[in-house]
Amino acid sequence: MQDIREQVRARYAQAAVHSAPSATADAGCCGGGCGTDALVDERFGAGLYGADDAASIPAEALAASLGCGNPLLVAELREGERVLDLGSGGGIDVLLSARRVGPTGFAYGVDMTDEMLDLARANAAKAGATNVEFRKGVIEDLPLDDASVDVVISNCVVNLSPDKPAVLAEAFRVLAPGGRLGISDVVAEDHLSPDDRAERGSYVGCIAGALSRAEYLEGLAAAGFHDAEVRFTHAVADGMHSAVVRATKPHAR
């Protein structure tokens, strides 16, 4: 488990360095490589955001986008809400969330990679965002209090965790009653075994570690979520898809 985490940390630290202002922007780690020689992979990264969103944030945040979707569209953020981004990377989804929830809302990002946290904080300063905070931590043990946020988002990060039940349990814990989960992730068709998934791509490339649709739904239910759905959006490999994942934390009785 620790070996997988270190591989992910090292890969995304490299991506952060290549997304810095002095570097040439490249493809995201998911699907593509993390070096300046990598080919642009349209299944992942900045191209999945609309032109208005892309124009509203620093170029460095956009260059560091490594995800497989746009979780802000999934989560349907509202003014005044408190949002948490799991694996916030260079900060693109935190900054966009902060704009959508407005000055009465707040956006948190959690990431384990120092290089990404430095980049995200620099991007927030450049954007003039005051309702954001980036915290160091792992998504299996979040550095937030119980029931402290209204929405949990994530962009192609849960598949990278070596302990996905812990991630879903932590997302449930930090959500307030009635809060919601709205994430983008890579998900496998149910007929693919773990070995089949590994044949289609690496763990750090967001493929080998992906859950199947049935496994995701079972995991969400086990964590306590209700009204869960996993909907495929576009293919990223044979039998593997970017997917919208939604669920709700029930109101306390």
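### Overview of the confidence of the model for the protein chain
Logical step 1: Mean pLDDT over the protein chain: 82, with 73% of residues reaching 70 or higher.
Logical step 2: Note that pLDDT drops below 50 for residues 22-28; the model gives that stretch 19 contacts with residues more than four away or on any other chain.
Logical step 3: Between residues 33-45, whose pLDDT stays under 50, and residues either more than four places distant or in other chains, the model counts 41 contacts.

### Quick word on the packing of aromatic side chains
Logical step 1: The tally for this structure, following the rule as stated, stands at two aromatic pairs.
Logical step 2: Between Phe106 and Tyr108, the aromatic rings sit 4.8 Å apart at their centres with planes inclined by 50°, giving tilted as the arrangement.
Logical step 3: Judged by relative accessible area, which is 23%, Phe106 ranks as partly exposed.
Logical step 4: Residue Tyr108 is classed as buried on the basis of its relative accessible area of 18%.
Logical step 5: Aromatic side chains Phe172 and Phe225 sit 5.1 Å apart centroid to centroid with 90° between the ring planes, which places their arrangement in the edge-to-face category. Here the residue Phe172 occupies a position in helix α7 (residues 164-174), and Phe225 occupies one in the loop between α9 (213-223) and β7 (226-237), the gap between them amounting to 53 residues.

### Structural notes on the environment of Tyr203
Logical step 1: Turning to its location among the elements, Tyr203 is positioned in the loop between α8 (194-200) and β6 (211-212).
Logical step 2: When the C-alpha positions of Tyr203 and Asn159 are compared, they lie 8.2 Å apart, and in sequence the two are 44 residues distant.
Logical step 3: Within the structure, Tyr203 has its side chain in polar contact with the side chain of Lys164 (distance 3.2 Å).

### Things to note about helix α6 (residues 114-127)
Logical step 1: Given a rise of 1.5 Å per residue, 14 residues ought to cover 20 Å, and the 20 Å separating the end C-alpha atoms of α6 matches this to within 8%.
Logical step 2: Residues Met116, Leu117, Leu119, Ala120, Asn123 and Ala124 constitute the buried set of α6. Across the axial projection of α6, the buried residues extend over an arc of 165°, all falling on one side. Opposite the buried face of α6, by more than 90 degrees, sit the exposed residues Asp118, Ala125 and Lys126.

### Here's the deal with the packing of α7 against α9
Logical step 1: Where α7 contacts α9, the two axes come as close as 9 Å, and the packing angle between them is 45°. Taken together, the axes of α7 and α9 lie oblique to each other. Crossing hand, α7 versus α9: right-handed. Here Leu168, Ala169 and Phe172 of α7 come into contact with α9, specifically with Tyr216, Gly219, Leu220 and Ala223.
Logical step 2: Residues belonging to the contact of α7 with α9 are distributed by class as follows: six nonpolar, one polar and no charged.

About the criteria used
- Residues numbered from 1 in each chain as written.
- Predicted model: local features only at pLDDT ≥ 70, side-chain atom pairs only at ≥ 80, totals over all residues.
- Heavy atoms only, no water.
- pLDDT = per-residue confidence, 0-100.
- Contact = heavy atoms within 4.5 Å.
- Phe/Tyr/Trp six-rings, centres within 6.5 Å; stacked < 30°, edge-to-face > 60°.
- Buried < 20%, exposed > 50% of the residue type's maximum accessible area, 1.4 Å probe, protein only.
- Helix = DSSP H or I, 4+ residues; strand = E, 2+ residues; numbered from the N terminus.
- Polar contact = N/O pair within 3.5 Å; in protein donor to acceptor, adjacent residues only side chain to side chain.
- Expected span 1.5 Å × (residues − 1).
- Arc of directions from axis to C-beta.
- Axes fitted to C-alpha atoms, helices over the stretch in contact; angles between N-to-C directions.
- Parallel < 35°, antiparallel > 145°, perpendicular 65-115°, else oblique.
- Left-handed = near helix turned anticlockwise from the far one by under 90°.
- Nonpolar A, V, L, I, M, F, W, Y, C, P; charged D, E, K, R; others polar.

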